[in-house]
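Listed below are the residues making up each chain.
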Amino acid sequence: MKILRLLERKQIHQAAELLINSSHAIALTGAGVSTESGIPDFRGEGGIWEKYKPEIYGNIKSFIKDPSKFWKLAEKVAPKLFTAEPNEGHYALAELEDMGIIDAIITQNIDELHQKAGNVIVYEVHGNINRFTCFGCRASYTKDQVMRKLKKEKNYPPRCDMCSAPLKPSVVLFGESLPTFEIYQSQALAEKSDVMLIAGSSLSVDPVADLPRYTLSNGGKLIIINEEPTYLDDKAEVVIQHKTGTILPALVEEIKKIKSMREPTESPEEE
Ligand code: APR
Ligand code: ZN
């Protein structure tokens, strides 16, 4: 277990108590939970938007004008996305779902690492890098089909076999609307939740950055684990500025410790 300062241990205990006593806790995650799996985030130190301007490489209008720019960025980042494995933080969140502590994960991440780590109820509000659609006729392509096309056709963007329009990963670019069901379901979950565990997000992109306010508006509490400050830190019950890959497993251990003290295992005569 990595060395944690006394302050962090106290904050972890406080967060664990909040989660154990909650009835509808949910998790909201961002790119920061995947950096320890080798996937760069967007606005943290050395993040993607530091090197590639989002208005050119991550915007739907620029994609329509010249899809090859987006594909050049995808060529750099996709291999890390496709080969990444879940880290300790992902597995800790899967355990929180297994323990019945969190009902669901709302994620801005497109890397599917929560599902790979074992989480079942995951709402991907910014889409998923493993699915592709044709920008013209909406035909859908798998990742393997697109990789084969890129190898064979050797040019960007890969084009649709049916209508030769450019293909696009099913991820939400700036200027695009979010998947309707996922965002409405996330708002409903946030409204109902009495504790929202926010991990690895700068909370800087709407409408997701607004979701914690739905929780606060109903008297719910926020726990924020992020290396850098966020705009909601002063409204959160617990703020831990540390790595999610360290804090989330420690949080699971603390919950188990508190539960074992509260519900000591049945002694034989009680059976
Ligand atoms: N542990 C804790 N925090 C971390 C870690 C880590 N191991 N690594 C990075 N962070 C923090 C960074 O300091 C940053 O504040 O995670 C945060 C990630 O923020 P962003 O890079 O802005 O990612 P995110 O909040 O998911 O961005 C939202 O913006 O560009 C769009 O569609 C993109 O889904 C993305 C959305
Ligand atoms: Zn097509």
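Trainee: Tell me about the sheet that holds strand β1 (residues 25-29), and name the residues and values.
Mentor: Spatial strand order, β3-β2-β1-β7-β8-β9: 6 strands in an open sheet with parallel pairing. Every interior strand has two partners, whereas the edge strands, β3 (122-124) and β9 (238-240), have only one. Geometrically, the sheet is characterised by an average inter-axis angle of 15° between neighbouring strands, direction not taken into account. Here 4 bridges tie β1 to strand β2 (residues 102-107), and the two strands are oriented parallel to one another. Across the sheet, Ala27 pairs through a bridge with Ile105, a residue of β2. The strands touched by helix α1 (residues 6-20) are β1, β7 (195-199), β8 (221-225) and β9; relative to β9, the strand with the most contacts, the crossing angle is about 135°. This element, helix α11 (residues 244-262), spans β7, β8 and β9 of the sheet and lies at about 150° to β7.

Trainee: Help me get a handle on the site of ligand 1, residues and values and all.
Mentor: Close to ligand 1 lie 24 residues; Phe42, Arg43, Trp49, Ser201 and Ser202 are nearest. Take His126: an N or O atom from its side chain is 2.8 Å from an oxygen atom of ligand 1. One of the side-chain N or O atoms of Ser201 is found 2.7 Å from an oxygen atom in ligand 1. Protein chains bury 96% of the 730 Å² of accessible surface belonging to ligand 1 in isolation. The residue makeup of the shell around ligand 1, split by class, is 5 nonpolar, 13 polar and 6 charged. Split by domain, the residues of the shell around ligand 1 number at least three in each of domain 1 (1-39 + 86-126 + 178-260) and domain 2 (40-83 + 128-171).

Trainee: Lay out the coordination of the zinc ion (ligand 2) with the relevant residues and their values.
Mentor: For the zinc ion (ligand 2), the full set of protein donor atoms is Cys134 (SG), Cys137 (SG), Cys160 (SG) and Cys163 (SG), and the range of their distances to it is 2.2 to 2.3 Å. Each of the 4 donor atoms around the zinc ion (ligand 2) contributes to a set of angles spanning 95 to 117°, which defines the coordination as tetrahedral. Here Cys163 falls in the partly exposed class, since its relative accessible area comes to 33%.

Trainee: Any details on α1? Residues and values, ideally.
Mentor: Taking 1.5 Å of rise per residue, 15 residues should cover 21 Å, and α1 covers 21 Å from first to last C-alpha, within 8% of that figure. All of the buried residues along α1 are Glu8, Gln11, Ile12, Ala15, Ala16, Leu18, Leu19 and Ile20. Along its buried surface, α1 packs onto β1, β7, β8, β9 and α11.

Trainee: Account for the layout of surface pockets, naming residues and giving values.
Mentor: A volume near 1100 Å³ is recorded for the largest pocket. Around the largest pocket, the lining comprises 50 residues; the ones closest to its centre are Ala31, Asp41, Phe42, Arg43 and Trp49. Elements represented by at least two residues in the lining of the largest pocket include exactly α2 (48-51) and α5 (67-83). With 6 residues, the single largest contributor to the lining of the largest pocket is α5. Partitioning the lining of the largest pocket into residue classes produces 23 nonpolar, 17 polar and 10 charged.

Trainee: Would you mind going over the pairing of strand β4 (residues 127-134) in detail, with residue names and values included?
Mentor: Note on strand geometry: in a regular strand, side chains alternate between the two faces of the sheet. Most of β4 sits inside the fold, with 7 of its 8 residues counted as buried. Bridge count for β4 against strand β5 (residues 140-142) is 3 bridges, and the pairing is antiparallel. The residue of β5 that forms the bridge with Arg131 is Thr142. In textbook terms, the turn of a hairpin is the stretch between consecutive antiparallel strands, and for β4 and β5 this stretch comprises 5 residues, one of which, Arg138, has a positive phi near 70°.

Trainee: Before we move on, could you go through the sheet that holds β5 and cite the residues and values that matter?
Mentor: The antiparallel open sheet is built from 3 strands, whose spatial order is β5-β4-β6. Each edge of the open sheet carries a strand with a single partner, namely β5 and β6 (167-171). On average, each strand axis in the sheet is tilted by 40° relative to the strand beside it, whichever way the strands run. As judged from the 5 bridges shared by β4 and β6, these two strands associate in the antiparallel manner. Looking across to β6, one finds that Asn128 is bridged to Ser170. The sheet strands contacting helix α8 (residues 143-153) are β4, β5 and β6, and the helix crosses β5 at an angle near 80°.

Conventions adopted
- Each chain has its residues counted from 1, following the order in which its sequence is written.
- As a convention, the first chain written is A and the first ligand written is 1, with the rest following in written order.
- Side-chain atom pairs in this predicted model are given and counted only at pLDDT of 80 or more, local residue features only at pLDDT of at least 70, and totals for whole chains, interfaces and linings cover all residues.
- Just so you know, side-chain values use all the structure's heavy atoms and leave hydrogens and water out.
- Two strands are counted as paired when DSSP detects at least two bridges linking them.
- Only DSSP runs of H or I with at least four residues qualify as helices, and only runs of E with at least two residues qualify as strands; both kinds are numbered from the N terminus onward.
- A fitted line through C-alpha atoms serves as each axis, taken over the contacting stretch for helices, and the angle formed by two N-to-C directions is quoted from 0 to 180°.
- Any two residues whose heavy atoms approach within 4.5 Å are treated as being in contact.
- Distances are taken per atom, and a residue is near a molecule or strand as soon as one of its heavy atoms is within 4 Å of it.
- What qualifies as a polar contact is a pair of N or O atoms within 3.5 Å, subject to a donor-acceptor requirement within protein and to the restriction that residues adjacent in sequence count only when both atoms come from side chains.
- Here, Shrake-Rupley sampling with a 1.4 Å probe gives the accessible areas, and only protein chains in the shown set may cover a residue.
- Basically, the charged four are Asp, Glu, Lys and Arg, the nonpolar ten are Ala, Val, Leu, Ile, Met, Phe, Trp, Tyr, Cys and Pro, and anything else, Gly included, counts as polar.
- Each domain span listed reflects an automatic or database assignment of domains.
- Here a donor is any nitrogen, oxygen or sulfur atom (N, O, S) within 2.8 Å of the metal, with 3.2 Å used for Na, K and Ca; water is not among the atoms considered, so some sites may look incomplete.
- Think of it this way: with four donors and all angles in the 85 to 135 degree range, the site is tetrahedral; with four or six donors, opposite ones beyond 155 degrees and the rest between 65 and 115, it is square planar or octahedral; otherwise it is irregular.
- The rule is simple: take the accessible area with a 1.4 Å probe, protein chains only, and divide by the maximum for that residue type; under 20% is buried, over 50% is exposed, in between is partly exposed.
- Given a helix with a known number of residues, its expected span is that number minus one, times 1.5 Å.
- Definitions used for this entry: grid spacing 1 Å over protein atoms alone; cavity, a set of points where a 1.4 Å probe fits but cannot get out; pocket, an open set with protein on both sides within 12 Å along at least 5 of 7 lines; lining residue, one with an atom within 4 Å of a point.
- Grid points are joined across faces, edges and corners, and a volume is the space filled by probe spheres set on the points.

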